[in-house]
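Now for the letters of each chain:
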Amino acid sequence: MDNGAGTAENEEIAVLRHAKYFVRFLNILPARLASHDSTRVTIAFFAVSGLDVLDALYLLSDSFKKDIINWIYKLQVIPKPGSRPCGGIQGSNTLNIANPPDCCGLDAYRWGHLAITYTGIAVLAALEDDFSRLDRKAIIAGVAAVQRDDGSFSATIDGSEHDMRFVYCAAAICAMLNDWGKVDKQKMADYIVKSIRYDYGISQHYEMESHGGTTFCAIAALQLSDQLDVLTPSVKEKIIRWLMFRQEGGFQGRPNKPVDTCYSFWIGATLKILGAFELTSYKDNRQYVFSTQDKTVGGFSKWPGSHTDPFHTYFGLCGLSFLQEPGLQPVVPSLNISQRAFERLKQLHAAWELEAQSDVRVNIE
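Figured I'd write up the structure that's included with this text. Per-chain numbering applies: the sequence of each chain, read as written, is numbered from 1 onward. Per-residue local features are limited, in this predicted model, to residues with pLDDT of at least 70; the limit for side-chain atom pairs, both in listing and counting, is 80 or more; totals at the level of whole chains, interfaces and linings are taken over all residues. As a rule here, side-chain values cover all heavy atoms of the structure and leave hydrogens and water aside.

Digging into the overall build of the protein chain
Starting at the N terminus, helices and strands are each numbered in turn, a helix being any DSSP run of H or I of at least four residues and a strand any DSSP run of E of at least two. Scanning the protein chain from terminus to terminus reveals 13 helices and 8 strands. Radius of gyration here uses only the C-alpha atoms, and the compact-globule reference equals 2.2 Å multiplied by the residue count raised to the power 0.38. Here the protein chain has a C-alpha radius of gyration of 20 Å; the compact-globule value for 365 residues is 21 Å, and the two agree. Across its three principal axes, the protein chain shows a C-alpha extent of roughly 65 × 50 × 40 Å. Across the 365 residues of the protein chain, 54% fall into the buried class. Three labels apply to residues, based on accessible area from a 1.4 Å probe with only protein chains included: buried if under 20% of the type maximum, exposed if over 50%, partly exposed otherwise in between.

Here you go:
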């Protein structure tokens, strides 16, 4: 099957094709993604952030952007006074969460999800929302409520998987909202250090296999919480070595696995954080990512000749951004958002700090 994938060294990125590809996913999901209904916010994140990296948010009308922002806020769960700390953002509106009558009992199924909360906030940042409708305190309380005794985090308050993925989401949420609340950062760092495996990759949970994605989650969480110094220079060097051995043209996620487009981000971003990305082969990385590009309808796939999807398209673009590919915006490795969205967050943080100082002065007076 010829999907228009390019392999030539002088291949160029099909910016408009990829931008229109993302816009389609914001309008309608194909039937093959029906099973992802409960995680629609993450798909919106790939599409909106992808458009941001492509510098193509102009393709979305102001009214459409407002619709996306309003939809995110409709998915926000704000606990009632005295109820359990379940604040955050839900993944979709499958449940009618807009003021359900008490008799329906839907409140028992309403809680924030760490991955959805992280991606939802990132969408708001990319669309330059002012976060004025976010209950930041409830969200941070919700993050602290799902931290386990071992320092890891569950996805939701009613119990779920608890591993390195949600450690990262917790750290990203706290960093984006500039508030760590009652989160125990030291316990989180201890959990990360104990998950470093014998080969110096980092696993999803204790005693599991080293993995490129969860190595990113761990290292990014340490940077976001200002705790990278828990890694000794020797350990850091060995982690870099493990990461460098993941390049076989493109990057693989684990030893003896095929290379995959998304690891151009997961491995690349981790090396960026650790200051070692320049040790990689830019040429081989670029050539592999471009070999998965579909120039006919847009998008990137995990392997050449396979179906494209928003996930691999977004991470492929991020990987190319690290290579300073023309036409792409810079990406902040630790938060997995554009530099432009990050600058927006810094502006909000400065405004919140001024508000807090003003409140202190008023209380003193």
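Still more ground to cover, so stick around.
Details of a nonpolar patch on the surface
By definition, no residue in a patch forms a salt bridge, and every one has over 30% relative accessible area; like charges are joined within 9 Å, nonpolar side chains (Val, Leu, Ile, Met, Phe, Trp, Tyr) within 5 Å. For the accessible areas, the method is Shrake-Rupley and the probe is 1.4 Å, while residue cover comes only from the protein chains on display. A carboxyl oxygen of Asp or Glu within 4 Å of a side-chain nitrogen of Lys or Arg is what we treat as a salt bridge. Where nonpolar side chains cluster on the molecular surface, the patch consists of Leu16, Tyr58 and Leu59 and spans about 310 Å² of accessible area. Within the element layout of this structure, Tyr58 appears in the loop between helix 2 (40-53) and helix 3 (62-74). The exposure class assigned to Tyr58 is exposed, which follows from its relative accessible area of 60%.

Focus: the side chain of Asp260
Topologically, Asp260 is positioned in the loop between strand 6 (250-251) and helix 10 (263-273). Any N or O atom pair separated by 3.5 Å or less is treated as a polar contact, with the protein-specific requirement of one donor-capable and one acceptor-capable atom, and with residues adjacent in sequence counted only for side-chain atom pairs. Only 3.1 Å separates the side chain of Asp260 from the backbone nitrogen of Cys262, close enough to count as a polar contact.

Thoughts on empty space enclosed by the protein
Gaps between atoms show up when a probe of the same size as a water molecule is rolled over them. Detection works on a 1 Å grid of protein atoms alone, calling trapped sets that fit a 1.4 Å probe cavities and calling open sets with protein on both sides within 12 Å along at least five of seven lines pockets, with lining residues defined by an atom within 4 Å of a point. Grid points are joined across faces, edges and corners, and a volume is the space filled by probe spheres set on the points. All told, the structure shown has 1 cavity of 30 Å³ or more when counted by the stated rule. Computed from the structure, the largest cavity encloses a volume of approximately 70 Å³. Along its surface, the largest cavity is lined by 16 residues, and Gly87, Gly112, Leu114, Gly142 and Val146 are the ones closest to its centre. Among the secondary structure elements, those contributing two or more residues to the lining of the largest cavity are helix 4 (114-126) and helix 5 (136-145). Here the element with the most residues in the lining of the largest cavity is helix 5; it accounts for 3 residues.

A look at the pattern of salt bridges
Counted under the stated rule, the structure contains 13 salt bridges. Between Glu11 and Lys295 there is a salt bridge whose closest N-O contact spans 3.0 Å. Of this pair, Glu11 sits in the segment before helix 1 (15-27) while Lys295 sits in the loop between helix 11 (282-291) and helix 12 (310-322), placing them 284 residues apart in sequence. Here Lys295 falls in the partly exposed class, since its relative accessible area comes to 35%. A cluster of three or more residues bridged by salt bridges with shared partners is formed by Asp52, Asp55 and Arg340.

With respect to the environment of Asp260
The buried category is assigned to Asp260, whose relative accessible area is 7%. Sequence separation between Asp260 and Ser38 is 222 residues, and the spatial gap between their C-alpha atoms is 25 Å. Looking at Asp260, its side chain comes within polar contact range of the side chain of His312, at 3.1 Å.

Digging into the nonpolar core
Put simply, buried Ala, Val, Leu, Ile, Met, Phe, Trp, Tyr and Cys residues joined by side-chain atoms within 4.5 Å make one nonpolar core. In terms of nonpolar packing, the biggest core is built from 114 residues, with Phe131 and Phe153 touching the most fellow members. Ranked by residue count, the leading element in this core is helix 6 (residues 164-177), at 13 residues.

Points about the packing of helix 8 (residues 212-224) against helix 10
Across the interface, helix 8 lies against helix 10 with an axial gap of 9 Å and an inter-helix angle of 35°. Judged by the sense of rotation from one axis to the other, the crossing of helix 8 with helix 10 is left-handed. Taken together, the residues of helix 10 that come into contact with helix 8 (itself represented by Gly212, Gly213, Thr215, Phe216, Ile219, Ala220 and Gln223) are Tyr263, Phe265, Trp266, Ile267, Ala269, Thr270 and Ile273. The classification used treats Ala, Val, Leu, Ile, Met, Phe, Trp, Tyr, Cys and Pro as nonpolar, Asp, Glu, Lys and Arg as charged, and all other residues, Gly among them, as polar. Here the residues of the contact of helix 8 with helix 10 are counted per class, giving 9 nonpolar, 5 polar and no charged. Note on geometry: axes are C-alpha line fits, over the in-contact stretch for helices, and angles between N-to-C directions span 0 to 180 degrees. Helix crossings fall into two classes, left-handed where the near helix is turned counterclockwise from the far one by less than a right angle and right-handed where it is turned clockwise. Note on contacts: a residue pair qualifies if any of its non-hydrogen atoms lie within 4.5 Å across the two residues.

Observations concerning the layout of surface pockets
In this model, the largest pocket occupies a volume close to 1,200 Å³. In terms of lining residues, the largest pocket is bounded by 41 residues, among which Thr39, Thr42, Phe46, Ala115 and Ile116 are the most central. At the level of elements, helix 2, helix 4, helix 6, helix 8, helix 10 and helix 12 are the ones that each hand at least two residues to the lining of the largest pocket. Among the residues making up the lining of the largest pocket, the classes are represented as 21 nonpolar, 17 polar and 3 charged.

Remember that the coordinates give geometry; whether it matters functionally is a separate question.
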